[in-house]
Amino acid sequence: MELLKVYLSPINEADFKVSVNGSRVGQAETDSTLPFWQERINWLITVTKSLEAIRFRPEDFQRFGEQDWMVQVGLLAQDRKAFHCYFLKNIGKALYQSLFPPGSKVEKVLQNAINLAQNNATQLHIQLEIAADILGSTRLPDYPWELMHDDRGFLTQHQVTFSRYITYDAAPPKLPSMEQVNVLLISSAASDPENGLEKLPQQEQLAVRRGLGIAEKEGHIRLVELKPPTLKALRDYLTEHRNETAPHVIHFDGHGLFGKCCNNTLDNGQLCRTIHKGIKINNCQRCHASLPEPQGYLVFEDETGKPNYVSAKEISILLQQNSFIDDSKQLRGVALVVLSACQSGLALTGTSVFNGVAQSLIAHRTPAVVAMQYSVSVPGATAFSEQFYRSLGQKEPLAMIVSQSREAMGVEGNQWYRPVLYLRWQDNEGGQLFAAPTPVIPTRVKLKPSVFVPSASLVITALVFGVRLLGILQASELKMFDQMMRLRPNEGIDPRLLVVTIDETDYKYQDHKGMKRRGSLSDTALAQLLEKLEPHQPGVIGLDIIRDFSVSGNQPELAKKLQNTDNFIAICIGNDPTSNDSTIREKGIEPPPEVPVARLGFADVHLDNDGILRRHLWFATFNSNTACNTEVSLSLKLALYYLAKKGIKPKTTHSGDLLLGKTRLQRLQSKAGGYQNLQQEFYQMLLNYRFLNYSESDIAQQVPLRDILENNFDPSWVKDRIVLIGVSAKSVKDDFYTPYSLNQQPDQTMRGVFIQAQMVSQIISAALNGRPLLRVLPSWGDIFYIWLCSLAGGAFVAAVSQKLAWHNHKIILVITSIGVIFVISYSICLFLLIHGYWLPFLPSTIASLATSVITFGYIHRFPYQRQ
C-alpha cells in the first residue's frame, strides 16, 4: 500500500494551505480556496443536507437563494423537483479541485502516486491530517473529502483509500501484536419516534455473524454480543474482561443522532435530559433553558429497553479509562470502534473538532474509528457490516477493509460515501489489527501428485460444502437450475388435460349475453359451462377461480350441481404465513359455500426469494384453522380423483411420503439440492415443467369459454380428461415467473391455471407413465458428488501437466483444462436433470476448478522428484 500524507492548514475562513508528501513521489504545497463558497457565503450546510438526504424535499432547502445556488452548481435539477442526476459527481469535482487544484504541483504528486500504486498493483492510501485547534477560523474537517472526483471517477472507486488523522499534542497510541481479535457486538433496539428514530430490524446482527463466520471457525476472531445493550452492561463488561478476553473491537449497531441535550436541573432535582435533533434549536422545548453546543449521541437501551442517549464525551471517556495500563502507552483494550449508526461521524458548528462521536473517540486515544458521516439506510449498513467483517477475517488493513465495504454498499447508489475512517495509530497508517505473519520460507515438497490431489480435493470439498450450507450459493444454483431446465427437450402437450380459458373477449361475451358477472365468471356462464361439459363425460373438473360467495338466488340448479357433482373440485386459499397479502396470511380466502370440504383443494403456491416458482406445494397444514378447511392442493385433488378411476389408490408410507402405484411423492427436506432452508411444515417437491418453448399451449389443449358455450369444440377434447377452468385475462393478476422466464420479462410469465395444469400433469404422468419427478441427492450424496468432481478435476490437470511439455504455455493448459472440466460437468448434470435428478453443478464445478488450479500451481511450483 502506497501512502500519501495530505496536510490541511487554514489561512483564513475561506482559504487554506495544502501540503502533500509521499516517500516515493516527493512533496509539494499550494494555497487553495474551500469549495462551496460564493460571494463570502459558505454553502457547506446545504451540501451536508444534500448528502444526508435520501431524496430532495423543497421544505428542507428554504434558506434565501439556497435553491438558486444548488441549480447553479449542479446539485439540483433545473425543474427543482429532484437532485441533479450528477450531484454527487459535481460535489466530488468541487472537492477535488479545491484540494488538488488542476495543474498544480500537489495534483501532479497525487497523480504520480496513483500511477505508482496502479503499476505495483496495490492501493494508494491518502491520510488527511487536520490539526485539532483550527476551528477558530475554518471548518476544514466538516468537508466530505472522501467524495473527491477527478473527472475519471471517484477516487475511492479507483484503488484509493482514505483515513482522517486529527493531530493534537498527545502521542498516538501504539498497538501490540494480536493473533486473535475479540469483537464485542452491541445491538441496541431502542427507538424514539419523536426524534424520527424508528425500530431497527436485526439484519445487521446477522450480517456481522455471516461476515465473521469463517474467521471465527479459523480462530482469528472471537465474537461476543453484549446483553443487555446498556451503558452499564458495557462498563461492567470492560471492567470484568481484561487481558486475553478484553475486546479489541467494539461494534455498535443502533441509532445515532447529532444534536443538543438539555442538562438543566429541574425543580424536582432531576436533569432535564431532553434531546433536540439538529443544530438550529437554542432553547430547550421542555424547560426553555439554554442548550449547550451540539454533539453526537449513540442511542443505547436503558434497563427498561427505552432509549438512553449516550453522548460522545461519555462513551469516549469510558473507553479511554478501560484501554490503557498505568505508566504505559501500550494499548490494552479497544483498538477499533465501528459505529454503524447514523451521523456518528458527523461534526458541525461548535468550537471543537471533537464534538462528533468518532472525533471524540479519537481525542480520547481510541486508535481507529469507523463511523457514518451521514444517515445510512438499513440495507446499506447491513451490506457494509457483512463485508467489513468478512474482510477483517482475511486480516486486511482497515483502510482496505473500509474501501471494500463501501463497494459492497453499491457504487451506483447514494450510500457508499457515508462511511468514514479515522486513524491515529502509531506506526500503523493503514490500520492493521492483526500481527504481521511470520514469513515462511518455501521448501521443495517431494509429495506425489497421487497423494496431493486426493488430499486437496477433500479440503476443497469441505470448504465448498460449508459455503453452500451458509446459503451463499443458493441464488446462483437456482439460476443454473433454470438454465438447464430451459435446455431440456420438448415433451409435447399432455393429452389428458383440457384448459378452458376465460379472457377479456369472454368478459364481453358474457356481458353481451346479459350474464351478470361477479368477477370473471357469471353464475349463468358457469351453469351453462357445466351443462355443456357433462354430456361428454369429463374425468374430473377443476375450477381454478376464487368464488368466495354463494350462487345467486336465480340459479338454484347451479347450487345443487356444485353441491352434488362428485367430479367437480373448487379452490380456496389458505392462511399462508409466507404470503405478501395480509388477508391471506391471517384468514385465507373462502371456497364456494355450496362445495363440500371433500371436494376442495387449496391453490397456494410458494415462490422463491427471486420471485420464481420452482416448487410444487401439494399438502399443507397451515390452513387447518381457516376458512379454507382442506390440507390437499387442487392439483393433488384432481390427480387423485383421476387416478382412482384408473385403479390407482393413494397409500402413505411410514416416512410420510405419498405412494401412487409405483410413484412416490417425496417431501423436500430443509436442505434439498441448492435450497438450504426450506420450511418443513409444508409438503412440497420440485415442479417438473413439461414444456421447452415459452408458450402456455405447450402443456394442454386450450379452448375459450365462449367456444364451449357456443358448442364450437371437439367433444373428444373433454371425454375422460381433466378439465381445468381458469382466467387468462391479463387484467386479472395471476401471473408467475418460472424457470423459463429469461430475465423475468413481463411477457414471460405463466398464468395460474396453467401452473395448476403443470402440477396435475406432473403427478399423473409420474403415476401412469413413469415420467420422472425431479429429485435431489441426500446430503451425503451431494458431498460425494462434489468430492468426485473435485478429485476428477485435479487428477485430469495432474495427468495433463505430467504428460505434456507445455511449460511455455501454462496459461493455455489452465484455460483448456477449465473448459474441458466445465463442459463435462455441465453435460453430466444436464443429462441427469432430464432423467429426474438435480445434481449440485455449481458447487461441484467450483470444487473441480479450484482443485485443478491448485494442483496445476502445486505441480509447477513443487515438482515431484523420484528418489
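This write-up is about the structure you can find in this document. (Residues numbered from 1 in each chain as written. Predicted model: local features only at pLDDT ≥ 70, side-chain atom pairs only at ≥ 80, totals over all residues. Heavy atoms only, no water.)

### A look at the overall build of the protein
Of the regular secondary structure elements, the protein holds 22 helices and 32 strands. Taken over the C-alpha atoms alone, the protein extends approximately 100 × 90 × 55 Å along its principal axes. Looking at the 867 residues of the protein, the share that counts as buried comes to 54%. Partitioning the contacts of the protein with sequence separation of at least 6, the portion at a separation of at least 24 is 72%. Looking at the protein as shown, the accessible area adds up to about 38,600 Å², and 52% of this sits on carbon and sulfur atoms. The centroid of the 86 positive side-chain charges in the protein is displaced by 6 Å from the centroid of its 82 negative side-chain charges. (Helix = DSSP H or I, 4+ residues; strand = E, 2+ residues; numbered from the N terminus. Buried < 20%, exposed > 50% of the residue type's maximum accessible area, 1.4 Å probe, protein only. Contact = heavy atoms within 4.5 Å. Areas by Shrake-Rupley, 256 points an atom, 1.4 Å probe, with all protein chains shown as cover. Lys, Arg positive; Asp, Glu negative; His and termini not counted. Charge placed at Lys NZ, Arg CZ, Asp CG, Glu CD.)

### Points about the packing of helix H1 (residues 44-52) against helix H3 (residues 87-99)
Viewed as axis vectors pointing N to C, H1 and H3 meet at an angle of 140 degrees, and their least axial separation amounts to 11 Å. Judged on the interaxial angle alone, H3 and H1 are oblique. Crossing hand, H1 versus H3: left-handed. For the pair H1 and H3, contact is made by Val 47, Ser 50 and Leu 51 and by Phe 87, Leu 88 and Ile 91, respectively. (Axes fitted to C-alpha atoms, helices over the stretch in contact; angles between N-to-C directions. Parallel < 35°, antiparallel > 145°, perpendicular 65-115°, else oblique. Left-handed = near helix turned anticlockwise from the far one by under 90°.)

### Notes on the state of the cysteines
Tallied over the entire structure, the rule returns one disulfide. Across the disulfide from Cys 572 sits Cys 628; the S-S distance is 1.9 Å. The S-S bond linking Cys 572 to Cys 628 shows a torsion near 60 degrees; that makes this disulfide right-handed. Taken as a pair, Cys 572 in strand S20 (residues 568-572) and Cys 628 in the loop between strand S22 (615-620) and helix H17 (634-645) lie far apart in primary sequence, 56 residues in all. For Cys 572, a relative accessible area of 0% gives the class buried. The cysteine Cys 261 is free of any disulfide, with Cys 262 supplying the nearest cysteine sulfur at 7.0 Å. Here Cys 287 stays free of any disulfide, with the sulfur of Cys 262 as its closest cysteine sulfur at 3.5 Å. (Disulfide = S-S within 2.5 Å.)

### A word on the nonpolar core
Ranked by internal contacts, the top residues of the largest apolar core, which has 65 residues, are Leu 638, Leu 660, Leu 665, Tyr 689, Ile 722 and Ile 764. If you tally residues by element for this core, the top one is helix H19 (residues 752-769), at ten residues. The contacts of Leu 638, once residues within four sequence positions are left out, are Val 540, Ile 541, Gly 542, Ile 569, Ile 722, Leu 724 and Val 760. Core analysis: the second largest hydrophobic core is formed by 51 residues, Val 109, Leu 110, Leu 155 and Tyr 417 among them. (Core = buried A, V, L, I, M, F, W, Y, C linked by side-chain atoms within 4.5 Å.)

### Focus on the pattern of salt bridges
Tallied over the entire structure, the rule returns 33 salt bridges. A salt bridge links Asp 511 to Arg 517, with the nearest nitrogen and oxygen atoms 3.1 Å apart. For Asp 511, a relative accessible area of 43% translates into the label partly exposed. Residue Arg 517 is classed as partly exposed on the basis of its relative accessible area of 29%. As a salt-bridge pair, Asp 610 and Arg 614 come within 2.8 Å of each other at their nearest N and O atoms. On the basis of relative accessible area, Asp 610 is assigned to the partly exposed category, the value being 24%. (Salt bridge = Lys/Arg side-chain N within 4 Å of Asp/Glu carboxyl O.)

### With respect to the sheet that holds strand S14 (residues 307-311)
Across a sheet, strands are paired by hydrogen bonds formed along the backbone, either parallel or antiparallel in direction. The antiparallel open sheet is built from four strands, whose spatial order is S12-S11-S13-S14. Strands at the two margins of the open sheet, each flanked by one partner only, are strand S12 (275-277) and S14. Looking at each pair of strands side by side, their axes are set apart by 55 degrees on average, direction ignored. In this structure, strand S11 (residues 256-261) lies alongside strand S13 (residues 295-301), joined through four bridges in antiparallel fashion. Residue pairing across strands places Phe 258 opposite Gly 296, the latter belonging to S13. Strands S13 and S14 of the sheet are contacted by helix H7 (residues 312-321), whose axis makes an angle of about 70 degrees with S14. (Pairing = 2+ DSSP bridges.)

### Comments concerning a nonpolar patch on the surface
On the surface, Trp 780, Phe 784 and Leu 788 cluster together into a nonpolar patch covering about 370 Å² of accessible area. Locating Phe 784 in the fold gives a position in helix H20 (residues 779-803). Owing to a relative accessible area of 45%, Phe 784 belongs among the partly exposed residues under this scheme. (Patch = residues over 30% accessible without salt bridge, like charges linked within 9 Å, V, L, I, M, F, W, Y side chains within 5 Å.)

### Some thoughts on the packing of H1 against helix H2 (residues 66-73)
One can describe the packing of H1 onto H2 by two numbers: an axis separation of 11 Å at closest approach and a directional angle of 75 degrees. Looking at the two axes, H1 sits roughly perpendicular to H2. Taking contact as the criterion, the partners of Thr 46, Val 47, Lys 49 and Ser 50 in H1 are, on H2, Glu 66, Trp 69 and Met 70. Classifying every residue of the contact of H1 with H2 by side-chain character gives three nonpolar, two polar and two charged. (Nonpolar A, V, L, I, M, F, W, Y, C, P; charged D, E, K, R; others polar.)

### Section: the pairing of strand S15 (residues 336-340)
Most of S15 sits out of view: five of its five residues are buried. What you see with S15 is no split at all: Leu 336, Val 338 and Ser 340 on one side and Val 337 and Leu 339 on the other are buried throughout. Relative to S15, strand S10 (residues 249-253) runs parallel, the two sharing five bridges. Bridging from a neighbouring strand, Ile 250 pairs with Val 337 of S15. Both S15 and strand S16 (residues 368-372) contribute to a ladder of three bridges, which runs parallel. Paired with Val 337 across the two strands is Val 369, which belongs to S16.

### A word on unusual backbone geometry
Cis rather than trans, the peptide bond between Lys 227 and Pro 228 has omega equal to -5 degrees. Mapped onto the secondary structure, Pro 228 falls in the loop between strand S9 (221-225) and helix H6 (231-240). If you check the backbone angles, Asp 151 has positive phi at about 80 degrees while not being a glycine. Residue placement: Asp 151 occurs in the loop between strand S6 (124-131) and strand S7 (160-167). The backbone of His 288 sits at a positive phi, close to 70 degrees, despite the residue not being glycine.

### Describing the sheet that holds strand S19 (residues 540-543)
The strand order across the open sheet built from six strands is S21-S20-S19-S28-S18-S27, with neighbouring strands paired in parallel fashion. Of all strands in the sheet, those with a lone pairing partner are strand S21 (600-602) and strand S27 (701-704), marking the two edges. Direction aside, neighbouring strands of the sheet carry axes that sit 25 degrees apart on average. In the sheet, S19 pairs with strand S28 (residues 722-727) via four bridges, with the strands oriented parallel. Within the sheet, the bridge partner assigned to Gly 542 lies in S28 and is Leu 724. Contacting strand S18 (497-502), S27 and S28, H19 crosses the sheet at an angle of about 160 degrees to S28.

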